[in-house]
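# Structural characterization, general
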Amino acid sequence: MAEIKLAAEVRTEFGKGAARRTRRANLVPAVVYGHGAEPVHITLPGHQLQLALRTANVLIGLEIDGKDALVIPKAVQRNAIKGNIEHVDLLTVKRGEKVNVEIAVHAEGDLAPGANLLEYVQNTLLVEAEATHIPESVTVSVAGLDAGDSIAAKDITLPKGAVLAGDEDAIVLQVVAAQAEEAPAEGTETAGAEA
């Protein structure tokens, strides 16, 4: 995964008013924490951050007051109506360090013939991977699965360097039979039909 570089400025003003002024200037308030260090409050360029966060678990290289920091997004708060980023929590990582992250699960292949539906019980898997080699997603084959079949986390082949960090017996995908709409029973009439 490529590293995206962003220039950050240390934030000295706090509170709602300061956050609003920051956002009006097309900047996003953020906090960097991890490795036992004191949290650093920063602002990031809004548009560049929005582009960077299109990639799940993106690796971001920050320049803060002449010092470089390698971070991954831990929590992103978005405006419920506009969808723009309001605040970001960033976790400091080091090259070679293992981190726990959630990666997307994608299914491929055709289910067994019949009226079957694929249900995602979990859209993501919790894995442990090296901070500089976090996989974006994992693809699972569901070819030939029939109603009642399921795939547990332990049955999924993870990308090289990734290890399952969550419950290995958790069901990720399952196949269910489509439920047909019940036809009205014979002999029942709708109200007003006799009039």
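Every value quoted in this text rests on a predicted model; they were computed, and no experiment measured them.

The next thing to look at is the sheet that holds strand E7 (residues 98-108). Strand order in the open sheet formed by 4 strands is E10-E7-E9-E12, and the pairing between neighbours is mixed. The open sheet has two free edges, formed respectively by strand E10 (137-141) and strand E12 (163-164), since each of these has just one partner strand. Relative to E12, strand E9 (residues 124-130) is paired through 2 bridges, and the arrangement is antiparallel. By the bridge assignment, Glu 128 is partnered in E12 with Val 163.

Per the stated rule, a full pass over the model turns up 1 salt bridge. Between Asp 169 and Lys 154 there is a salt bridge, and its shortest N-O distance comes to 3.0 Å. Remark: Lys 154 occurs in the loop between strand E11 (150-152) and E12 and Asp 169 occurs in the loop between E12 and strand E13 (171-177); sequence separation between them is 15 residues. Judged by its relative accessible area of 46%, Asp 169 falls in the partly exposed class.

Here we come to a positive patch on the surface. A surface patch of positive charge is lined by Lys 16, Arg 20, Arg 23 and Arg 24. Topologically, Arg 20 is positioned in helix H1 (residues 16-24).

Where strands meet in a sheet, backbone hydrogen bonds hold them as pairs that are either parallel or antiparallel. Strand order in the closed barrel formed by 6 strands is E1-E3-E2-E6-E5-E4, with mixed pairing between adjacent strands. Pairs of neighbouring strands in the sheet enclose a mean axial angle of 45°, with direction left out of account. As paired elements, strand E4 (residues 59-64) and strand E5 (residues 67-78) share 5 bridges and run antiparallel to each other. Across the sheet, residue Glu 63 finds its bridge partner in E5, namely Asp 68. Relative to strand E2 (residues 27-34), H1 is tilted by about 115°, and along the sheet it contacts E2, strand E3 (37-45) and strand E6 (85-92).

Parameters and conventions
What you see as residue numbers is a count from 1 along each chain, following the sequence as written. Confidence filtering applies because this is a predicted model: local features only for residues at pLDDT of at least 70, side-chain atom pairs given and counted only at 80 or more, and all residues used for totals across whole chains, interfaces and linings. The basis for every side-chain value is the complete set of heavy atoms in the structure, and neither hydrogens nor water enter the calculation. When DSSP finds two or more bridges between two strands, those strands count as paired. The secondary structure listing takes helices from DSSP runs of H or I that are at least 4 residues long and strands from runs of E that are at least 2 residues long, numbered from the N terminus. The term salt bridge refers to a pairing of a side-chain nitrogen on Lys or Arg with a carboxyl oxygen on Asp or Glu at a separation within 4 Å. We call a residue buried when its accessible area falls under 20% of the maximum for its residue type, exposed when it is over 50%, and partly exposed in between, using a 1.4 Å probe and counting protein chains only. A patch consists of residues exposed above 30% relative accessible area that lack any salt bridge, with like charges linked at up to 9 Å and nonpolar side chains (Val, Leu, Ile, Met, Phe, Trp, Tyr) linked at up to 5 Å. The accessible surface values rely on the Shrake-Rupley method and a 1.4 Å probe; as for residues, cover is taken only from the protein chains in view. In this tally Asp and Glu are treated as negative and Lys and Arg as positive; neither His nor the chain ends contributes. To locate a charge, the coordinates of NZ of Lys, CZ of Arg, CG of Asp or CD of Glu are taken. With axes taken as lines fitted to C-alpha atoms, and helix axes fitted only over the stretch in contact, angles between N-to-C directions fall between 0 and 180 degrees. Whether two residues touch is decided by their heavy atoms; if any such pair falls within 4.5 Å, the residues are in contact.

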